[in-house]
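Inside the fold
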Amino acid sequence: MGIGDKISNKAEELGGKIERAVGDLTDNEELEAKGAAKEAAAKAKQAGEQVKDAAKGVVNDVKDAVNDATK
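I will try to describe carefully the structure that is included in this document. For every chain, the first residue of the written sequence is number 1, and numbering continues from 1 along that sequence. Only residues with pLDDT of 70 or above have their local features reported here, since the model is predicted, and side-chain atom pairs are shown and tallied only from 80 upward, although totals for entire chains, interfaces and linings are computed over all residues. As a rule here, side-chain values come from all non-hydrogen atoms in the structure, and water together with hydrogens is ignored.

**Topic: a nonpolar patch on the surface**
Cut-off, in case you're wondering: Patch membership requires over 30% relative accessible area and the absence of a salt bridge. Like charges are linked within 9 Å, and nonpolar side chains (Val, Leu, Ile, Met, Phe, Trp, Tyr) within 5 Å. Each accessible area is a Shrake-Rupley estimate made with a 1.4 Å probe; only the visible protein chains count as cover when residues are assessed. Salt bridges are identified by distance alone: a Lys or Arg side-chain nitrogen within 4 Å of an Asp or Glu carboxyl oxygen. Helix numbering and strand numbering both begin at the N terminus, where a helix is a DSSP run of H or I of at least 4 residues and a strand a DSSP run of E of at least 2. Note on classification: 1.4 Å probe, protein chains only; a residue is buried when its accessible area is under 20% of the maximum for its type, exposed when over 50%, partly exposed between these limits.
On the surface, Leu14, Ile18 and Val22 cluster together to form a nonpolar patch covering roughly 260 Å² of accessible area. Within the secondary structure, Val22 is located in helix 1 (residues 3-25). According to the relative accessible area criterion, Val22 is partly exposed, its value standing at 37%.

**Topic: helix 1**
The cut-off we apply is this: Here a helix's expected span is defined as the number of its residues, less one, multiplied by 1.5 Å. Contacts between residues were defined by any pair of non-hydrogen atoms, one from each residue, lying within 4.5 Å.
Look at helix 1: 33 Å from first C-alpha to last across 23 residues, which is about the 33 Å you get at 1.5 Å a residue. Those residues of helix 1 that fall on the buried side of the exposure criterion are Asn9, Glu13, Gly16, Glu19 and Gly23. Elements that come into contact with the buried residues of helix 1 comprise helix 2 (29-69).

Here's what the structure looks like:
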């Protein structure tokens with residue numbers, strides 16, 4: 001996924017943090033829990049993006065190594 005997805009995930013994480021903080025300040029446990037859940041979901045998406053980026057890097061490294069070995 002692209003930079004737009006990464007920005008969207010970060011915005012979702014920030015929204016969750018804000019929601020959680022508002023819930024904490026107002027003693028609204030339900031709102032706090034919803035915010036924490038949104039924050040966790042966004043962090044999981046970001047971790048998935050990092051795995052994809054790392055995998056692409058490995059694939060490119062292997063391609064480069066094969067190309068170098070066949071020259």
